[in-house]
Amino acid sequence: MNDRTTNDRTTTAPPELAVRDVTVRFAGLTALDGVSFTVAPGSVHALIGPNGAGKSTCFNVLSGLCRPASGTVTLGGTELTRLAPHRIAALGVARTFQNIVTTQGTVADNLMLGRHALTRAGFTASALRLPGARREQREHLARAREIAGLTGLGAHFDTPVGLLSYGDRKRVELARALCLEPRVLLLDEPVAGMNAAERARTAEVVAGLRAELGLSVVLVEHDMGLVMRLADEVTVLDFGRPIAHGAPDEVRRDPEVLRAYLGTDATGEDAA
Amino acid sequence: MSDRITALLTRRRATLLTVAVLLCLPPFYLDAFWLRIGLFSMAAAIGAVGLALLSGTAGQLSLGHAFFLAVGAYGYTWLAGDPGPGLPTVVAVPLAVLMAGLAGGLFSPVAGRVKGIYLGIATLALVFLGHHVLLTAESVTGGFNGRSVPPLSLGGFTFTASDPELTVLGVPFGAEERLWFLGLALFALTWFTARGLLRSRPGRALAALRDSETAAAVMGVDVARHRSAAFVVSSMYAGLAGVLLALAFRRVVPDYFGLVLSVDYLAMIVVGGLGSVAGATAGAVFVTALPLLMTRYADQLPLVAAPGSAEGAVGPTEAARYLYGAAIVLVLLYAPDGLHGLARRARDRLRRRRTTPTSAPDPAVPSPPPPAAAARPKEHTP
């Protein structure tokens, strides 16, 4: 790997991501109500809760797509709440979407979009095909190919995304986010709609990422098996309010959580 | 593997060379009428490529393309002419292009914020504003009657019928022959730069903006900046097209740069296939050449009256408009990716035939649709 394309952010420990008292309102509906949690550097933090609990809204706040009414999000010493999405991306926060959002073109095109914040070639240099711009493109393409291999997309690198299976397209999103060389990776239901084999594979990739790259992961997922396996810490949301917080084992026994998932007549069954 | 890539590269280079040579031949064989069709087509292609970048790639509709063509055409005329600074024409050409870019940049507070079809409405204002200015600012634009365009001269070489007299291979080189090569050069520049843009970082960012603004933003694309930049780049291509048009027409008049011209350019990129340089070129040739050809051959065409003859009959220009209106409808219904898409699918089919000669498909059995057709990316409206 060439030095020019490796980012120093991958070699240092990621900064702490702290969410403090974030409240989001949509015309009277309080989507998030005083949510606070801290993602320790290099940990996997799961955000769970029933549908409509505000998990995706929380991601939108973290990635700058949604501005909270009050509260702050800080990454290391930087406040994210006032920044535009592309600035947050440039700080090394990458995300995937719940419903796949890929762009037209090949897997390579999508992954190279992930390199956008790490590359410089502008309109003039690209139009004139200046040597610097071409070299940059070549180098970053090599890294994108590497990441495609890492996520199991190596064979599909030049395939149009539209031709790929559902599971592969979800992996394209993951690979694209990884192409940002993120310090914090936000995964919104990375295995939703996948079959058992695909789930296992994605879980492996995520676990591997954390081990190899040491990045922090915030995970929204309904698959409790996956959450229990991967997460170091879990925050449970219900109707926008945080109702429980702690290690996976503690959370799964929390009566509030059981009530939120199973209704008031919960008899202590496993929430999963 | 690498051998195959080199082979492909050399084949591509050979194709490119062949096309270049073929494009250099017409001045030696065709008369001024055909050369003028070619010239107007080349100018239109340059403008259409610019609009394709904006509408096809970035997904931003513009009805203001005529305005930027006018800025290029009048900009050159004013910069190089009298009244005006009377700059050397060689300097006036790039300055006129920059002027069009600047005009696009001045519009960027709007172009950066307004999205898709709403930008189309906003740019509509530019056309009317531009037309009004062209009519009233007589000292610069010459008013209703327009201005004559100073011919381009490069060093001692002038792009006119004489000065110096020039005969190449026994063919006297008049203005059309000379301008043909100028047009080719500018057209080549357009292809080179536009394809470079499309296949690199800014091009991918623009396509991402079109497909999903949120995904693009989250991946680090500065949405407003890229929208404005796409608008500026598209304006600059329009400006270049305007300069070439002015040189080919030898006179600029305000009425040419109306809303109809903007719509013509939209028709070009729709017929050709949104978002591709080759498609925009094909569409430009189609939309430009058709009315000229129909005017020329009006007396031989059924249902079409010669220009200025019997009332009540359809004039060739109108007939051409009906025809390309019909072409747009057909394209939208049956080939939404335009001429470019049709060509690509035909090529894929050919290639598949060629690569599998042993299992040549039985003509009686309909061959399955090529993968490219099934894989056609999702449609989008500009």
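Calculation criteria
- Residues numbered from 1 in each chain as written.
- Chains lettered and ligands numbered in written order.
- Predicted model: local features only at pLDDT ≥ 70, side-chain atom pairs only at ≥ 80, totals over all residues.
- UniProt positions renumbered as here; feature names shortened; annotations may be inferred.
- Pairing = 2+ DSSP bridges.
- Helix = DSSP H or I, 4+ residues; strand = E, 2+ residues; numbered from the N terminus.
- Axes fitted to C-alpha atoms, helices over the stretch in contact; angles between N-to-C directions.
- Parallel < 35°, antiparallel > 145°, perpendicular 65-115°, else oblique.
- Contact = placed C-beta atoms within 7 Å.
- Nonpolar A, V, L, I, M, F, W, Y, C, P; charged D, E, K, R; others polar.
- Domains from an automatic or database assignment.
- Buried ≥ 20, exposed ≤ 12 C-beta atoms within 10 Å, placed from the backbone.

Under an unreviewed UniProt entry, the name given to chain B is Branched-chain amino acid ABC transporter permease, and the organism recorded is Streptomyces prasinosporus. Recorded under Subcellular location (unreviewed entry), the UniProt text for chain B is reproduced unchanged: "Cell membrane".

The name given to chain A in an unreviewed UniProt entry is ABC transporter ATP-binding protein, with Streptomyces prasinosporus as the source organism.

Student: Could you give an account of the sheet that holds strand β6 (residues 93–95) of chain A, naming the residues involved and the relevant values?
Tutor: All names here are of chain A. Pairing is mixed across the open sheet formed by six strands, whose spatial order is β6-β7-β8-β3-β9-β10. The open sheet is flanked by β6 and β10 (241–246), the only strands paired with a single partner. Adjacent strand axes in the sheet meet at a mean angle of 15°, parallel and antiparallel pairs treated alike. Where strand β9 (residues 233–238) lies against β10, five bridges are found, and the strand directions are antiparallel.

Student: Lay out the packing of helix α4 (residues 65–80) of chain B against helix α7 (residues 116–136) of chain B with the relevant residues and their values.
Tutor: All names here are of chain B. Between α4 and α7, the shortest axis-to-axis distance is 8 Å and the interhelical angle comes to 30°. Regarding the angle of α4 to α7, the classification is roughly parallel. Facing α4, whose interface residues are A66, F67, A70 and Y74, α7 presents L126, V127, G130 and L134. Looking at side-chain class alone, the contact of α4 with α7 contains seven nonpolar, one polar and no charged residues.

Student: Let's hear about the sheet that holds strand β2 (residues 29–39) of chain A: which residues, and what values?
Tutor: Residues and elements named next belong to chain A. Strand order in the open sheet formed by four strands is β2-β1-β4-β5, with antiparallel pairing between adjacent strands. Only two strands of the sheet have a single neighbouring strand rather than two, namely β2 and β5 (78–79). One ladder, built from seven bridges, connects strand β1 (residues 17–26) with β2; its direction is antiparallel. Bridging across to β2, A18 finds its partner in T38. Those strands touched by helix α1 (residues 55–62) are β1, β2 and β4 (70–75), and its axis lies near 65° from that of β2.

Student: Please provide a residue-by-residue account of the UniProt feature "transmembrane region" (unreviewed entry) in chain B, values included.
Tutor: Residues and elements named next belong to chain B. Mapped onto the present numbering, the UniProt feature "transmembrane region" (unreviewed entry) falls at residues 12–29, 35–54, 61–79, 91–110, 117–135, 179–198, 229–253 and 265–293. Across residues 91–110, helical content stands at 95% and strand content at 0%; the span's end C-alpha atoms are separated by 30 Å. Overall, residues 117–135 shows 100% helix and 0% strand. The separation of its end C-alpha atoms is 28 Å.

Student: Can you lay out the domain arrangement of chain A for me, pointing to particular residues and giving the numbers?
Tutor: Residue and element names in this part refer to chain A. Per the domain assignment, the segments of chain A are domain 1 (14–92 + 182–264) and domain 2 (104–180). A separation of 26 Å is found between the C-alpha centroids of domain 1 and domain 2. The interface is formed by 12 residues belonging to domain 1 together with 11 residues belonging to domain 2. Of all the secondary structure elements, the ones that give two or more residues to the side of domain 1 that touches domain 2 are α2 (85–90) and α7 (196–213).

Student: I'd like a description of unusual backbone geometry, backed by residues and values.
Tutor: Across residues other than glycine, the phi torsion is negative in most instances, and most of the peptide bonds are trans. For the peptide bond that leads from D82 of chain B to P83 of chain B, omega is 5°, which places it in the cis range. Along the chain, P83 of chain B falls in the loop between α4 and α5 (89–106). For E189 of chain A, which is not glycine, the phi dihedral falls at a positive 50°. Locating E189 of chain A in the fold gives a position in the loop between β7 (184–188) and α7. With a phi close to 65°, R250 of chain B is a non-glycine residue in the positive phi region. With respect to the helices and strands, the residue R250 of chain B is situated in the loop between α12 (223–249) and β6 (251–252). A residue is classified by how many C-beta atoms lie within 10 Å of it, and R250 of chain B, with 13 of them, is partly exposed.

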